[in-house]
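A closer look at the structure
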Amino acid sequence: MQAKALDARALAALAANPGCRRRAILDGAGVDKGALASALGSPSVFGQSQFAFVRGNAFEAKVKADGGTELLRLAHEKLDRAAEPPTEARVPDLTAQGPQGRTARTELALREAATEAPGAWTLLDHPMLALDVAGSPAFLEPDAVVVHPDGSWTVVEIKSFPMLDGAADPSKVGAAARQSAVYVLALEQVAARLDPAPRVRHRILLVCPKDFSNLPTASAVDVRKQRAVTARQLDRLTRIEEIADTLPEGTCFSPELPAEELTEAVETVPAAYAPECLSACELAFHCRDRSRADGAVTSLGRPVRAELGGLTTVEDVLAAARGEAGDPDDPAVAALRRAAALRAEALSGARPEVAPCP
Ligand code: SF4
């Protein structure tokens, strides 16, 4: 089975849960987690419908038609009004063999934009960028990168969700910003190899259909915060080799293995399930079932987990609330006992003796 390449969406999700070793090793090994989830008996409902995929491709083709005339007009209008309008733009051919070849071709095109066409607008359609992730290269393909006349670079993200009256669904814009932040980090690595290093803009161009039409409109999205968070989280990822070294000899995650064998292999790597996984990872249903079966409080959400301090299972929490376990000076234990007493009062109508909160 062919290894599945990490894309920016997967990287943004990985960075959002840096404590999950399971996801890190599966992504690092290029395992198709959708196929794996099905083989484990917990298929994911994650991903884009075929209809949305076709509609998205059609919209992107429209945005980039005529050598990207409309796209560059939007880049000029939203990001660089002081520059000359893009009457004629360069659109270099980026075709090459394999991801490494395409990455090298993209880097060459970016160099040439600075040396051969200073002061011109250049549009890179589906460039390929490489980013080192926990010791393994990830190849990323933004929708486009624009080189401005001043030599700076902008990431362009084209989405098919609508922008109504100039604003789009904040959760979708947030996801697009996190994805773009990954491209910005990869572009910064390319820029650092050039002399002088071009500026990578931290405001990306988000292009969406206007209202309920299929006419493109755009807004500049500041991704500084997402860039900083993603960079920090990617730095925190445990190196893939370190995780691999802890696995039993011969561990294999091929979705073609029998479910029982596969479950055993997956369970050898610790996970860090949280409800947020449901919108970010194909294995969410499998990990949620395991987390619930273990009685882990993380399945109740990170805020609840944080409130409970050292109590990590539902069993521990109930024992602490009943006064059977736990240190009464622990604020979490004291709060649980108080809540249990108030609950008993509400159910019985009696007035219990409740200790004040510490
Ligand atoms: S669903 Fe499982 S593997 Fe995926 S990030 Fe969450 S805990 Fe990790």
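Look up: the structure comes first, before these words.
Residues numbered from 1 in each chain as written. Predicted model: local features only at pLDDT ≥ 70, side-chain atom pairs only at ≥ 80, totals over all residues. Heavy atoms only, no water.

Remarks on the site of the ligand
All residues adjacent to the ligand are Asn17, Cys20, Arg22, Arg23, Ala271, Ala272, Tyr273, Cys277, Cys281, Leu283, Ala284 and Cys287. If you list the elements that add at least two residues to the shell around the ligand, you get helix H2 (21–28) and helix H11 (284–293). Residues of the shell around the ligand, tallied by class, amount to nine nonpolar, one polar and two charged. (Near = heavy atom within 4 Å. Helix = DSSP H or I, 4+ residues; strand = E, 2+ residues; numbered from the N terminus. Nonpolar A, V, L, I, M, F, W, Y, C, P; charged D, E, K, R; others polar.)

Some thoughts on the environment of leucine 185
Here leucine 185 is to be found in helix H7 (residues 170–192). Sequence spacing of leucine 185 and valine 200 is 15 residues, and the spatial spacing of their C-alpha atoms is 8.9 Å. Discounting chain neighbours no more than four positions away, the residues touching leucine 185 are Leu131, Arg227, Thr230, Ala231 and Leu234. (Contact = heavy atoms within 4.5 Å.)

Let's talk about the pattern of salt bridges
A full pass over the atoms with the stated rule returns 22 salt bridges. Taken together, the salt bridges that share partners define one network made up of Arg23, Asp27, Lys33 and Glu282. (Salt bridge = Lys/Arg side-chain N within 4 Å of Asp/Glu carboxyl O.)

Some details on helix H4 (residues 50–63)
Over its 14 residues, H4 runs 20 Å from end to end, which matches the ideal 20 Å to within 8%, given 1.5 Å per residue. Those residues of H4 not exposed but buried are Ala52, Gly56, Phe59, Glu60 and Val63. Projected down its long axis, H4 carries its buried residues within an arc of 100 degrees, all on one side. In this structure, H4 carries Gln50 and Phe51 as exposed residues pointing more than 90 degrees from its buried face. (Expected span 1.5 Å × (residues − 1). Buried < 20%, exposed > 50% of the residue type's maximum accessible area, 1.4 Å probe, protein only. Arc of directions from axis to C-beta.)

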